[in-house]
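Structure assessment
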Number of protein chains: 2
Amino acid sequence: MKENSVPEATVARLPLYLRSLVDMTERAVATVSSEQLAEAAGVNSAKVRKDLSYLGSYGTRGVGYDVEYLIYQISRELGLTQDWNCMIVGVGNLGRALANYRGFGSRGFRVAALVDSDTAKIGGRVGDLEIEDFEDLERIAKERQVSIGIITTPAAAAQGAADRLVSAGIHSILNFAPALIQVPDDVSLRKVDLSIELQILSFYEQRKAAFDSVRRARRLTGSAARSTRP
Amino acid sequence: MKENSVPEATVARLPLYLRSLVDMTERAVATVSSEQLAEAAGVNSAKVRKDLSYLGSYGTRGVGYDVEYLIYQISRELGLTQDWNCMIVGVGNLGRALANYRGFGSRGFRVAALVDSDTAKIGGRVGDLEIEDFEDLERIAKERQVSIGIITTPAAAAQGAADRLVSAGIHSILNFAPALIQVPDDVSLRKVDLSIELQILSFYEQRKAAFDSVRRARRLTGSAARSTRP
DNA sequence: ATTTGTGAATCGGTTCACAGCG
DNA sequence: CGCTGTGAACCGATTCACAAAT
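Presented here is an overview of the structure given in this document. (Residues numbered from 1 in each chain as written. Chains lettered and ligands numbered in written order. Predicted model: local features only at pLDDT ≥ 70, side-chain atom pairs only at ≥ 80, totals over all residues. Heavy atoms only, no water.)

1. What about the overall build of chain A?
Each helix and strand in chain A was counted, giving eight helices and 10 strands. The C-alpha atoms of chain A give 22 Å as radius of gyration, which overshoots the globular expectation for 230 residues (17 Å, by more than 25%). For chain A, the spread of C-alpha atoms along the three principal axes comes to 60 × 55 × 35 Å. Put simply, chain A has 230 residues, and 47% of those count as buried. (Helix = DSSP H or I, 4+ residues; strand = E, 2+ residues; numbered from the N terminus. Rg over C-alpha atoms; globule rule 2.2 N^0.38 Å. Buried < 20%, exposed > 50% of the residue type's maximum accessible area, 1.4 Å probe, protein only.)

Put into structure tokens, the structure is as follows:
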């Protein structure tokens, strides 16, 4: 049953399914069941079926899903039948690493511009791209039809970078800076925050260490073990 | 009311609160209400209160929370009163960038080792660390008491890297490789996947573009606008 | 016979709204 | 009076379980 509004959680899993499906074509798999796709993507099969049902009825009962066709449908849903130009704002270690990241462009994304406000960096090159002046952001974004802004500035500069991206008419932003940034309602913002991820791991690591030490002390081997896993 | 089991969603927000609180001490703020902290962290105040209530009753009714004391309690809960040693597996662009990332170590995390299987890289240096042989991973992890493994290998090598980290007794892994990896139940695994983030943005970007073009075509300015936002 | 697609049940998490306390 | 802490209501997402399809 085709409808609009795919749940957010489903959208976040579609890229996972897509990756698994692409892997399968490389191993010349033609058809896949929800069970097999679930296994490959690391989820359960009910979730796969429900997720795919939001896109339409693309499976065949008793058979499964045609891999190629499903790749096409998911790609279309995700907007990957066109290319998207990205601009990296802030060319430090991370910005440079992302600019060089191969397989970034592999699925429809292209780094079209690098900007920085450090005059010592402007004019320098990363791969075949020149580092340009942050002040020219709006012009560059318009000229190169940039749709996605990637912020890799220090935390203190992140909000300013976001403001300029928004004023350049960009409404999709990926923020790597360890800072909360505010954008208008019509702008999509996603964040990747290394230190937050490490802190989350630290929480569970600590909990495991505590539990282990209790176990060691009490010599209890397999009883009343309340789960310590996320 | 103090209990065990802090919900996963709460754990993921504690680092956010912590960052906001640290910012506040720098601006010499002594006390904060759930309303103010919510604003700073970009969530709502009911969530702040409920989240903090899982840690204990650390607020004062009619007053708010003591900033310093709350920093201490959250840090303790997150296991940040001790330092954690990390090992980066795979020293490509991204591994190198993370190794150089300042403010990484700022809150209790230290890059204690870099390993790679490329003999051309082994023996090289990144900052003050030497790149060591992937084959020596277990020994290095033990010697330096590494608790957290960070995978920045190509996708094809990621599972192998994870297996070796697990066999070295590490049970916290942060995976940057664009690949699904399997780990035992007692290992915490978090993933950061650039291309998935971009694909999610692409989905919403496409949806916005579609809506905009309808708007442009029909010249409707403010009616019956079904939400297009995540 | 097999596997999809989906209502219904369930679960975790969010928000509401107010009692309880400083 | 103001703000926390928390039951209760609510909501989105997950899982169950089975009827429908081939």
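Text resumes after the structure shown.
2. Details of the sheet that holds strand β5 (residues 109–116) of chain A
All names here are of chain A. If you walk across this open sheet you meet the seven strands as β6-β7-β5-β4-β8-β9-β10, and the pairing is mixed. Unpaired on one side and paired on the other, β6 (125–126) and β10 (188–191) mark the two borders of the sheet. Note that β6 and strand β7 (residues 129–133) share two bridges and pair antiparallel. In the strand pairing of β7, Val126 is matched with Leu129. Across the sheet, helix α7 (residues 155–167) lies against β4 (84–89), β8 (146–151) and β9 (172–175), angled at about 175° from β8, the strand it touches most. (Pairing = 2+ DSSP bridges. Contact = heavy atoms within 4.5 Å. Axes fitted to C-alpha atoms, helices over the stretch in contact; angles between N-to-C directions.)

3. As for the interface of chain A and chain B
Listed as interface residues are 70 residues of chain A and, on the opposing side, 68 residues of chain B. Taking both partners together, chain A and chain B bury about 6,100 Å²; carbon and sulfur atoms supply 61% of that area. Considering only the side of chain A, the residues that lose the most area to chain B are Arg19, Gln199 and Leu201 of chain A, jointly responsible for 11% of the buried surface there. At the junction of chain A with chain B, the criterion picks out four salt bridges. Glu197 of chain A is the salt-bridge partner of Arg190 of chain B, the closest N and O atoms lying 2.4 Å from each other. Viewed at the interface, chain B and chain A are joined by 28 residue pairs in polar contact (both at pLDDT 80 or more). When residues of the side of chain A that touches chain B are assigned to their parent elements, the largest contribution, 16 residues, is made by helix α8 (residues 194–218) of chain A. (Buried area = accessible area lost by both parts, 1.4 Å probe. Salt bridge = Lys/Arg side-chain N within 4 Å of Asp/Glu carboxyl O. Polar contact = N/O pair within 3.5 Å; in protein donor to acceptor, adjacent residues only side chain to side chain.)

4. Section: the protein's contact with DNA strand C
Lining the immediate surroundings of DNA strand C are 25 residues, of which Ser34, Arg61 and Tyr65 of chain A together with Arg13 and Asn44 of chain B lie closest. Atoms of DNA strand C within 4 Å of the protein: sugar and phosphate make up 66%, bases the balance. Between DNA strand C and Asn44 of chain B there is a distance of 2.4 Å, counted from a phosphate oxygen to a side-chain nitrogen or oxygen. For the surface near DNA strand C, the secondary structure elements donating two or more residues are α3 (45–55), β2 (59–60) and β3 (64–66) of chain A together with α1 (8–26) and α3 (45–55) of chain B. Considering only residue class, the surface near DNA strand C consists of six nonpolar, 10 polar and nine charged. (Near = heavy atom within 4 Å. Nonpolar A, V, L, I, M, F, W, Y, C, P; charged D, E, K, R; others polar.)

5. A few points about the sheet that holds strand β1 (residues 31–32) of chain B
All names here are of chain B. In spatial order, the strands read β1-β3-β2; together these three strands make up an open sheet with antiparallel pairing. Unpaired on one side and paired on the other, β1 and β2 (59–60) mark the two borders of the sheet. Note: β2 against strand β3 (residues 64–66), two bridges, orientation antiparallel. If you follow Thr60 over to β3, its bridge partner there is Gly64. Across the sheet, helix α4 (residues 67–78) lies against β1 and β3, angled at about 75° from β3, the strand it touches most.

6. Digging into the protein's contact with DNA strand D
The full set close to DNA strand D counts 24 residues, and Arg13, Asn44 and Arg61 of chain A together with Ser34 and Tyr65 of chain B are the nearest of them. In the model, a phosphate oxygen of DNA strand D is placed 2.5 Å from a nitrogen or oxygen of the Asn44 of chain A side chain. Contributing elements (two or more residues each) for the surface near DNA strand D: α1 (8–26) and α3 of chain A together with α3, β2 and β3 of chain B. Along the lines of polarity and charge, the residues of the surface near DNA strand D split into six nonpolar, nine polar and nine charged.

7. Examining the packing of α1 of chain A against α3 of chain A
Residue and element names in this part refer to chain A. One can describe the packing of α1 onto α3 by two numbers: an axis separation of 10 Å at closest approach and a directional angle of 105°. The orientation of α1 relative to α3 falls into the category roughly perpendicular. Residues Thr10, Arg13, Leu14 and Tyr17 of α1 touch α3, and the partners they reach there are Lys47, Val48, Asp51, Leu52, Tyr54 and Leu55. Per-class residue counts for the contact of α1 with α3 are six nonpolar, one polar and three charged. (Parallel < 35°, antiparallel > 145°, perpendicular 65-115°, else oblique.)

8. Looking at the pattern of salt bridges
Inspection of every chain in the model, using the stated rule, returns 18 salt bridges over all chains. Arg164 of chain B is paired through a salt bridge with Glu135 of chain B; the nearest N and O atoms lie 3.3 Å apart. Note that Arg164 of chain B is positioned in helix α7 (residues 155–167) and Glu135 of chain B in the loop between β7 (129–133) and α6 (137–143), a separation of 29 residues in sequence. Residue class for Glu135 of chain B comes out partly exposed when judged on its relative accessible area of 49%. If you follow the salt bridges from partner to partner, you end up with Glu135, Glu138 and Arg164 of chain A in one network.

9. As for the nonpolar core
Membership of the largest hydrophobic core comes to 94 residues, with the highest contact counts inside it found for Ile74 and Ile150 of chain A together with Ile74 and Ile150 of chain B. Once residues lying within four places of it in the same chain are set aside, the contact partners of Ile150 of chain B are Leu198 of chain A together with Cys86, Met87, Ile88, Val89, Leu98, Phe104, Leu174 and Phe176 of chain B. Membership of the second largest hydrophobic core comes to 23 residues, among which are Ala113, Val115, Ile151 and Ala162 of chain B. (Core = buried A, V, L, I, M, F, W, Y, C linked by side-chain atoms within 4.5 Å.)

10. Overview of the relation of the copies chain A and chain B
Rotating chain A by 180° about the axis while translating it 0.0 Å along that axis superimposes it on chain B, leaving an RMSD of 0.0 Å. Taken together, the rotation angle and the small translation identify this as a two-fold axis. Considering only C-alpha atoms, the part of chain A nearest the rotation axis is Ala97 of chain A, at 3.2 Å. When the interface residues of chain A are mapped onto chain B, 96% of them again fall at the interface, so both copies present the same face. (Least-squares fit on C-alpha atoms with pLDDT ≥ 70 in both.)

11. Considerations on the packing of aromatic side chains
Inspection of every chain in the model, using the stated rule, returns four aromatic pairs over all chains. Centre to centre, the rings of Tyr58 of chain A and Tyr69 of chain A are 5.5 Å apart; their planes meet at 85°, and the pair counts as edge-to-face. With Tyr58 of chain A in the loop between α3 and β2 and Tyr69 of chain A in helix α4 (residues 67–78), this residue pair connects regions lying 11 residues apart in the sequence. Look at Phe203 of chain B and Tyr204 of chain B: their rings are 5.0 Å apart centre to centre, the planes differ by 90°, and that puts the pair in the edge-to-face class. Accessibility classification places Phe203 of chain B together with Tyr204 of chain B in one group, the buried group. Seen from the ring of Phe134 of chain A, Arg164 of chain A lies directly overhead, with NZ or CZ sitting 5.0 Å from the centre. (Phe/Tyr/Trp six-rings, centres within 6.5 Å; stacked < 30°, edge-to-face > 60°. Lys NZ or Arg CZ within 6 Å of the ring centre and 35° of its normal.)

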